[in-house]
Amino acid sequence: MKDAFDFSGKVALVTGSSRGIGAGIITALGQLGARCVVNYLADPQGRNQAEAEAVAAALPDARVNPCNVGNWEQVAAMMEQVQKDFGGLDILVNNAGIMQDRTIKRMTLEEWETVLRVNLTGAFQCIQQAIPILRPGGRIVNMSSVSGQLGFFGSSNYSASKAGLMALTKVAAHELARQNITVNAIAPGFIDTELTRRLPEEVARQFLDQIPLGRYGQVADVVYPVLCLCSRYAGYITGQIIHVSGGFYM
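What counts, and at which threshold
- The numbers attached to residues start from 1 for each chain and follow its sequence in the written order.
- Local features in this predicted model are restricted to residues of pLDDT 70 or higher, and side-chain atom pairs are both shown and tallied only at a pLDDT of 80 or more, whereas totals for entire chains, interfaces and linings draw on every residue.
- The side-chain figures draw on all heavy atoms in the structure; neither hydrogens nor water molecules are used.
- The rule for a salt bridge is simple: a side-chain nitrogen of Lys or Arg has to be within 4 Å of a carboxyl oxygen of Asp or Glu.
- A run of H or I in DSSP counts as a helix once it spans at least four residues, and a run of E counts as a strand once it spans at least two, with each numbered from the N terminus.
- Exposed residues in this analysis have more than 50% of their type's maximum accessible area, buried residues have under 20%, and partly exposed residues fall in between, with area computed by a 1.4 Å probe over protein chains only.
- For cavity detection a 1 Å grid was placed over the protein atoms alone, and a set of points counts as a cavity when a 1.4 Å probe fits there but cannot get out; an open set counts as a pocket when protein lies on both sides within 12 Å along at least five of seven lines, with lining residues being those that have an atom within 4 Å of a point.
- Grid points are joined across faces, edges and corners, and a volume is the space filled by probe spheres set on the points.
- Classification used: nonpolar for Ala, Val, Leu, Ile, Met, Phe, Trp, Tyr, Cys and Pro, charged for Asp, Glu, Lys and Arg, polar for all others including Gly.
- Should DSSP find at least two bridges between two strands, the strands are taken to pair.
- Whether a crossover is right-handed depends on one test, that the path from the first strand over the helix to the second runs clockwise when the strands point away from the viewer.
- Only four residue types enter the tally: Lys and Arg on the positive side, Asp and Glu on the negative side, with His and both chain ends excluded.
- For the purposes of these results, a polar contact is taken to be a pair of N or O atoms within 3.5 Å, where, inside protein, one atom must be able to donate a hydrogen and its partner to accept one; residues adjacent in sequence count only when each atom of the pair is a side-chain atom.
- For this analysis, residues touch if any pair of their heavy atoms sits within 4.5 Å.
- Under the convention used throughout, the expected extent of a helix is 1.5 Å for every residue step, that is, one less than its residue count.
- Bend is the name given here to the angle between axes fitted to two runs of seven residues, the run ending at a residue and the run starting at it.

## Topic: the pattern of salt bridges
What the rule picks out here adds up to 11 salt bridges. In this structure, Glu51 engages Arg47 in a salt bridge whose closest nitrogen and oxygen atoms are separated by 3.0 Å. Separated by 4 residues within a single helix, Glu51 and Arg47 lie in helix α2 (residues 47–57), roughly one turn from each other. By relative accessible area, Arg47 is classed as partly exposed at 38%. In this structure, the salt-bridge partner of Glu202 is Arg205, at a minimum N-O distance of 2.5 Å.

## So, the layout of surface pockets
The space that makes up the largest pocket amounts to roughly 1500 Å³. Around the largest pocket, the lining comprises 48 residues; the ones closest to its centre are Gly97, Ile98, Met99, Tyr158 and Leu195. Elements with a contribution of two residues or more to the lining of the largest pocket: α1 (20–31), β2 (35–40), α4 (109–130), α6 (156–176) and α7 (201–209). Among the residues making up the lining of the largest pocket, the classes are represented as 22 nonpolar, 20 polar and 6 charged. Taken as a whole, the second largest pocket encloses approximately 150 Å³ of empty space. Along the walls of the second largest pocket sit Ala4, Asp6, Phe7, Lys10, Asp90, Ile91, Gly137, Gly138, Arg139, Cys230, Ser231 and Arg232, which together make up its complete lining. Looking at the lining of the second largest pocket element by element, the count peaks at 3 residues for strand β5 (residues 134–143).

## Thoughts on empty space enclosed by the protein
Applying the stated criterion across every chain, the model contains 1 cavity of 30 Å³ or more. Each pocket or cavity is described by its volume, and for the largest cavity that value is around 50 Å³. Those elements giving two or more residues to the lining of the largest cavity turn out to be α4 and α6. Top element by residues in the lining of the largest cavity is α4. It accounts for 4 residues. Partitioned by chemical class, the residues of the lining of the largest cavity number 6 nonpolar, 5 polar and 1 charged.

## Looking at the pairing of strand β4 (residues 89–94)
Within β4, 6 of the 6 residues are buried, leaving the element largely enclosed by the surrounding structure. Inspection of the sheet shows β4 paired to β5 by 5 bridges, in the parallel sense. Paired with Ile91 across the two strands is Arg139, which belongs to β5. Since β4 and β5 lie parallel, the crossover through α4 that links them has a hand, and here it is right-handed.

## Points about the side chain of Arg139
Inspection of the secondary structure assignment puts Arg139 in strand β5. Buried charge without a salt bridge: Arg139, with Asp90 as the nearest opposite-charge side chain at an N-O distance of 9.0 Å. For Arg139, the side chain forms a polar contact with the main-chain oxygen of Ser231, separated by 3.0 Å. Leave out the neighbours within four places in its chain, and Arg139 touches Asp90, Ile91, Leu92, Ile181, Thr182, Leu229, Cys230, Ser231, Arg232, Ala234 and Gly235.

## Observations concerning α4
End to end, α4 covers 29 Å across 22 residues, agreeing with the expected 32 Å (1.5 Å per residue, within 8%). For α4, the principal kink sits at Arg117 and spans about 40°. Looking only at α4, the buried set comprises Glu111, Val115, Leu116, Val118, Asn119, Gly122, Ala123, Gln125, Cys126, Ile127, Gln129 and Ala130. Lining the buried residues of α4 we find α3 (72–86), β4, β5 and α6.

Pasting the structure below:
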């Protein structure tokens, strides 16, 4: 059991891993022996690249790959580069995601489609393009959200994308089982990240009052279940949605 989280010899790709939960996951995998691909979305200010390079620099064996997961050609190029650099892939964590909250009445079609393209279509494209290079016994973990289960006011695009990701997880689990590849999802509740810090103070307080454990989650609270699902001891777990919400969703 002491080697349960030994990922030596494994290749891991975590999308959206320049900061936050994604950075926490790829860092943990790298520190536990995995060869890593740190993914980021290029931005005009260069912040994402700088943070991705910093994450990679702290790991023993990591590459940095800029890719907009909502762009089919870029995803194909990223997977081709992974194959070229490492010869295959063992772990894919679809973590990249964005929010553009607005009520249904006021939401533009562009806002709806942009969030769906990154959060849901992006995960679909990464899974589809990763299939040829995923080795038997591989692991896919999709980062969904409690919002996909409950649906929050003003987040129709985000909630729909995360609910769709739960369904995609189950379908992929069925289709990839013959290759001995497991597919599961993590549905975090309110985790202390840059995204949740944007919530108005009153809204944040109301949500906190509904969490039985009485606190927001930390990045580590999400990282550990992901490591478990990626480990050798989770080989008989697939098609599951694991809620990490401090009891917010039961």
